[in-house]
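Listed below are the residues making up each chain.
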Amino acid sequence: MLLTSELVTRAVRQRPSGFTEPAELRVWLRTDLVHVELRARTELLFVPPEPSGPHYDHILLDQIADRWSIDTGRDFGCIWFEIDLHPTETDPAAQGESEGRL
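About the criteria used
- Residues numbered from 1 in each chain as written.
- Predicted model: local features only at pLDDT ≥ 70, side-chain atom pairs only at ≥ 80, totals over all residues.
- Heavy atoms only, no water.
- Helix = DSSP H or I, 4+ residues; strand = E, 2+ residues; numbered from the N terminus.
- Buried < 20%, exposed > 50% of the residue type's maximum accessible area, 1.4 Å probe, protein only.
- Contact = heavy atoms within 4.5 Å.
- Salt bridge = Lys/Arg side-chain N within 4 Å of Asp/Glu carboxyl O.
- Core = buried A, V, L, I, M, F, W, Y, C linked by side-chain atoms within 4.5 Å.
- Pairing = 2+ DSSP bridges.
- Axes fitted to C-alpha atoms, helices over the stretch in contact; angles between N-to-C directions.

### Some points on the side chain of Arg 41
In step 1: Looking at the secondary structure, you find Arg 41 in strand E2 (residues 33-41).
In step 2: By relative accessible area, which is 18% here, Arg 41 ends up buried.
In step 3: Residues contacting Arg 41, with those up to four places away along its chain left out, are Phe 19, Glu 21, Asp 75, Phe 76 and Gly 77.

Now the structure itself:
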């Protein structure tokens, strides 16, 4: 929810006064993956680096999401992230469960 909120906040903050075009939020949830994407005008999604400080949404995406990207087109773009929901094979607790440990 935090990452989704960051994506929407980014688009709202970049929205010029009087801007009426909608943005579209899409979410897919499977047993092993959640995929969230926000589609909107490119200028609402792509923010050039500011010399005054870091982009906290990028930092959160790097730390929390398994994969993410900003795909920009001429007019419309998409920022998306994915989070894997299955336990990794290196997780000892998950291995015990899959081995039928009592």
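### Points about the pattern of salt bridges
In step 1: Within this structure, the stated rule accounts for six salt bridges.
In step 2: Between Glu 24 and Arg 26 there is a salt bridge, with its nearest N and O atoms 3.1 Å apart.
In step 3: Judged by its relative accessible area of 37%, Glu 24 falls in the partly exposed class.
In step 4: Residue Arg 26 is classed as partly exposed on the basis of its relative accessible area of 30%.
In step 5: Glu 37 is the partner of Arg 26 in a salt bridge, and the nearest nitrogen-oxygen pair spans 3.8 Å. On the criterion of sequence distance, the pair formed by Arg 26 in strand E1 (residues 24-29) and Glu 37 in strand E2 is long-range, its members being 11 residues apart.
In step 6: Within the structure, one salt-bridge network assembled from shared partners comprises Glu 24, Arg 26, Glu 37 and Arg 39.

### Some thoughts on the nonpolar core
Nonpolar side chains in soluble globular proteins tend to be buried together.
In step 1: Judged by nonpolar contacts, the single largest core of 14 residues is most densely connected at Leu 7, Leu 38, Leu 61, Ile 79 and Phe 81.
In step 2: Secondary structure elements with two or more residues in this core: helix H1 (2-14), E2, helix H2 (42-45) and strand E4 (76-84).
In step 3: Excluding its chain neighbours within four sequence positions, the residues that come into contact with Leu 38 are Leu 7, Val 8, Ala 11, Ala 23, Glu 24, Leu 25, Leu 45, Gly 77, Cys 78 and Ile 79.

### Re the sheet that holds E1
In step 1: Here four strands make up an open sheet; going across it, the order is E1-E2-E4-E3 and the pairing antiparallel. This sheet does not close on itself; its edge strands, each paired only once, are E1 and strand E3 (67-72). Between one strand axis and the next, the sheet turns by 10° as a mean value, whatever way the strands run.
In step 2: Two elements, E1 and E2, share six bridges in a ladder whose sense is antiparallel.

### Some thoughts on the environment of Thr 31
In step 1: Looking at where Thr 31 falls in the secondary structure, it is placed in the loop between E1 and E2.
In step 2: Here the alpha-carbon distance between Thr 31 and Leu 85, two residues 54 residues apart in the chain, equals 6.9 Å.

### Some thoughts on the pairing of E2
In step 1: With eight of nine residues buried, E2 is to be regarded as a mostly interior element.
In step 2: Between E1 and E2, which pair antiparallel one after the other, the connecting turn spans three residues.
In step 3: Direction of pairing for E2 relative to E4: antiparallel, over a ladder of nine bridges. Residue Arg 39 lies in a different strand from E4, and its bridge partner there is Cys 78.

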